[in-house]
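Each chain is listed here by its residues.
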There are 2 protein chains.
Amino acid sequence: LGIGDDAAVLDWGRAGDCVVTVDLLTDGVDFELERVDPRRVGRKAIAVNLSDLAAMASQPVAAVVALALPRGCEPGRLPGEATSNSGPGCLPGEARAGSGLQLAEAIYEGMLPVAEEFGFPIAGGDTNTWEGKLVICITAIGRTSRRGPLCRSGARPGMRILVTGQFGGSILGHHFDFQPRVREALLLHERYDVAAAVDVSDGLSADLDKLATESGCGALLDLQRIPIAPAAAELARLRGDGVSPLEHALADGEDFELILAAGPDEASRILADAPLDIPITDIGQFVSEPGIWCYDEGERVAMKPRGFEH
Amino acid sequence: LGIGDDAAVLDWGRAGDCVVTVDLLTDGVDFELERVDPRRVGRKAIAVNLSDLAAMASQPVAAVVALALPRGCEPGRLPGEATSNSGPGCLPGEARAGSGLQLAEAIYEGMLPVAEEFGFPIAGGDTNTWEGKLVICITAIGRTSRRGPLCRSGARPGMRILVTGQFGGSILGHHFDFQPRVREALLLHERYDVAAAVDVSDGLSADLDKLATESGCGALLDLQRIPIAPAAAELARLRGDGVSPLEHALADGEDFELILAAGPDEASRILADAPLDIPITDIGQFVSEPGIWCYDEGERVAMKPRGFEH
């Protein structure tokens, strides 16, 4: 497929395409080991990959896990246990996370229930120790259905913009505890003519912009319809910096919901059927002019897509 | 296949099994960015994965690359260019390696010729920056031939131990410049009855021990026949610590040659045909007693497998 999608698709003959996605998470950027149970870190690391497979409407088949574990902190305790003296030169976070082996075990404890829930094995890995902070790199392998992969490039002007779930404020916890939309994507792709999809990792407007760009079109948002998560309002209240809940919903990263494109009739059918356990919302339409647009007092204005830049 | 082999094998129906291997390399353990051209680091990172695919007799199909790039060093220069002032707080090695983008480009410059040589694409990736040192995590996907994967578990007592190439002293440069034995493994697996294989990453005796253990047997080495690399002798001379070239050949890691198991007649046929451009050497036989053995003044004695412990 070339670059631009959530995962690579490898032609594997008649047995369904092989879809490959990789995500690397680092302590200090994607999580702070000093502040979070490493089991939640492990859960997030695998769930992020599943979200990429979901965006491609692929069934997870296996994952391989590579770890770079911080060295030399002992005896260490897992979070929730009594704290102990840490080894020389250990940062508090490393000590709290325990020795390398304990840390690896805790990470796997977080990953395995997700793998079990979605029915695939952790098929192998590469475990290393080093002087640096924790790095987790997971590669997930998926398989497309007979309908092939969902891609970012299939949206066309006039199609509706559908989203699953709600947006904003994921930093308050949802970015660890989100549910990757694998089953939802597979069901929608199987039963309906979904034309394109992307998962929201960098932010609703930023990822919508990517999908629209890959499709050679733009997107016109109906801002009144954006489903705003309660956490977005909570974050706006906590921060008190004038950034509105709607702005959080548009710009915050790591919601890990899906943005989908479907023709108007098909979108109406999906909304009428409501086939998922979670809400699906129509938030606007794809348009021929590139960029992200919205109505402001009845006038169409360009929005600057904002989100987390890697 | 469960754990114990060089890569995971995923059943992909009739289109050939999907073989997945991951290796994570870190600055300070697998290379020292301060001392080496990042192109060589990139080359090594991909070649290490290909060596794993070779051990499984699999054709490379694609690779995905995840990077954690050190942040905040600018303007930077690539090695070979005039040195410049580095940004505040930059280590010399980071400055030398240039900014994150330049570093990523140099790493890809090292990887792409290898991918081209072996005929597969870099199908995707995940590029991150962080406060830590460089981490490269590559996952390679391969496809088995109609003969299926080569595994570590197929050796039986009485089979011969064959090796490609020479061993020892790779730290002097070979660990960057080695040629992964993909073509050699595919040719041998296609033309001959090879029963088991492993690539030598941790050291000849350590990886032979792994293969023998997975096969439920031991290995008896003919120490006179071990092919010792000139670099092993050079390293022994440079170090002057009494460690012999033979000991380097047995214990040094990262030769990335193949150890193969074949029945005595088949081994003779391989040696007589000499089908590769590189030497193949018979260095002993598999035996029923677990462990690694050798003859010392006519008596069979146990050897302690030594090598790099991850």
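Relevant structure appears above.
Remember, it's a predicted structure, so these values are computed and weren't measured experimentally.

A. Local environment of the relation of the copies chain B and chain A. When chain B is brought onto chain A, the operation consists of a screw motion whose angular component is 180° and whose axial shift is 0.0 Å, with 0.0 Å RMSD remaining. Both copies are brought into coincidence by an operation consistent with a two-fold rotation axis. Here 100% of the interface residues in chain B have copies in chain A that are interface residues too; the copies meet face to matching face.

B. Examining the pairing of strand 2 (residues 18-26) of chain A more closely. Residues and elements named next belong to chain A. Where burial is concerned, most of strand 2 is hidden: 9 out of the 9 residues are buried. Burial along strand 2 is two-sided: C18, V20, V22, L24 and T26 facing one way and V19, T21, D23 and L25 facing the other are all buried. Two elements, strand 2 and strand 5 (residues 135-144), share 9 bridges in a ladder whose sense is antiparallel. Within the sheet, the bridge partner assigned to T21 lies in strand 5 and is A140.

C. Up close: the state of the cysteines. Residue and element names in this part refer to chain A. Evaluation of the coordinates by the stated rule reveals 0 disulfides over all chains. The structure places no disulfide on C151, whose sulfur is separated from the nearest cysteine sulfur, that of C217, by 14 Å. Here C151 falls in the buried class, since its relative accessible area comes to 13%.

D. Region of interest: the sheet that holds strand 8 (residues 218-221) of chain A. Residue and element names in this part refer to chain A. Reading across the sheet, the 7 strands line up as 7-9-6-10-8-11-12 and stay open at both edges, with mixed pairing between neighbours. Each end of this open sheet is capped by a strand with a single partner; those strands are strand 7 (196-199) and strand 12 (299-303). Adjacent strand axes in the sheet meet at a mean angle of 30°, parallel and antiparallel pairs treated alike. Together, strand 7 and strand 9 (258-262) form the strand contacts of helix 1 (residues 38-55), whose direction differs from that of strand 7 by roughly 170°. Most of the contacts of helix 6 (residues 204-214) go to strand 7, to which it runs at about 145°, and overall it touches strand 6 (160-164), strand 7, strand 8, strand 9, strand 10 (280-287) and strand 11 (291-296).

E. Main features of the interface of chain B and chain A. In this assembly, 40 residues from chain B lie in contact with 40 residues from chain A. Taken together, both faces of the contact between chain B and chain A bury some 2900 Å²; the carbon and sulfur share is 73%. The largest per-residue losses of area from chain B upon contact with chain A belong to W12, L24 and W130 of chain B, which jointly make up 25% of the total buried on that side. Run the count over chain B and chain A and you get 0 salt bridges. Across the contact surface, chain B and chain A share 3 residue pairs in polar contact (both at pLDDT 80 or more). Elements with a contribution of two residues or more to the side of chain B that touches chain A: strand 1 (8-10), strand 2 (18-26), strand 3 (58-70), strand 4 (122-130) and strand 5 (135-144) of chain B.

F. Main features of the packing of helix 1 of chain A against helix 3 (residues 100-118) of chain A. All names here are of chain A. Closest axis-to-axis distance for the helix 1/helix 3 pair is 7 Å, and the angle between their directions is 40°. When the axis of helix 1 is compared with that of helix 3, the two are oblique. Where helix 1 crosses over helix 3, the two elements pack in a sense that is right-handed. Along its contact with helix 1, which presents P38, R39, G42, R43, I46 and L50, the element helix 3 presents L103, A106, I107, E109, G110, M111, V114 and F118.

G. Quick look at the sheet that holds strand 6 (residues 160-164) of chain B. Residues and elements named next belong to chain B. Ordered in space as 7-9-6-10-8-11-12, the 7 strands form an open sheet in which the pairing is mixed. With partners counted over all chains shown, the strands left at the sheet margins are strand 7 (196-199) and strand 12 (299-303), one partner each. Ignoring strand direction, the axes of neighbouring strands in this sheet form an average angle of 30°. Where strand 11 (residues 291-296) meets strand 12, 5 bridges bridge the pair, whose relative direction is antiparallel. Looking across to strand 12, one finds that Y295 is bridged to R300.

H. Representation of the nonpolar core within the structure. If you look at the biggest cluster of nonpolar residues, it comprises 48 residues, and the most contacted ones within it are F31, I46, L134, I136, I138 and L188 of chain B. If you list the elements that add at least two residues to this core, you get strand 2, helix 1 (38-55), strand 3, helix 3 (100-118), strand 5, helix 5 (182-191), strand 9 (258-262) and helix 9 (264-273) of chain B. Dropping the residues within four chain positions of it, L134 of chain B is found in contact with W130 of chain A together with L25, T26, D27, F31, L33, A68, L69, P70, L103 and I107 of chain B. Among the nonpolar cores identified, the runner-up in size contains 47 residues, and L33, I46, A57 and I107 of chain A belong to it.

I. Spatial organisation of the environment of A206 of chain B. Residues and elements named next belong to chain B. In this structure, A206 sits in helix 6 (residues 204-214). By relative accessible area, which is 10% here, A206 ends up buried. Spatially, the C-alpha atoms of A206 and I278 are 23 Å apart, while their sequence positions differ by 72 residues.

About the cut-offs
- Residues numbered from 1 in each chain as written.
- Chains lettered and ligands numbered in written order.
- Predicted model: local features only at pLDDT ≥ 70, side-chain atom pairs only at ≥ 80, totals over all residues.
- Heavy atoms only, no water.
- Least-squares fit on C-alpha atoms with pLDDT ≥ 70 in both.
- Contact = heavy atoms within 4.5 Å.
- Buried < 20%, exposed > 50% of the residue type's maximum accessible area, 1.4 Å probe, protein only.
- Helix = DSSP H or I, 4+ residues; strand = E, 2+ residues; numbered from the N terminus.
- Pairing = 2+ DSSP bridges.
- Disulfide = S-S within 2.5 Å.
- Axes fitted to C-alpha atoms, helices over the stretch in contact; angles between N-to-C directions.
- Buried area = accessible area lost by both parts, 1.4 Å probe.
- Salt bridge = Lys/Arg side-chain N within 4 Å of Asp/Glu carboxyl O.
- Polar contact = N/O pair within 3.5 Å; in protein donor to acceptor, adjacent residues only side chain to side chain.
- Parallel < 35°, antiparallel > 145°, perpendicular 65-115°, else oblique.
- Left-handed = near helix turned anticlockwise from the far one by under 90°.
- Core = buried A, V, L, I, M, F, W, Y, C linked by side-chain atoms within 4.5 Å.

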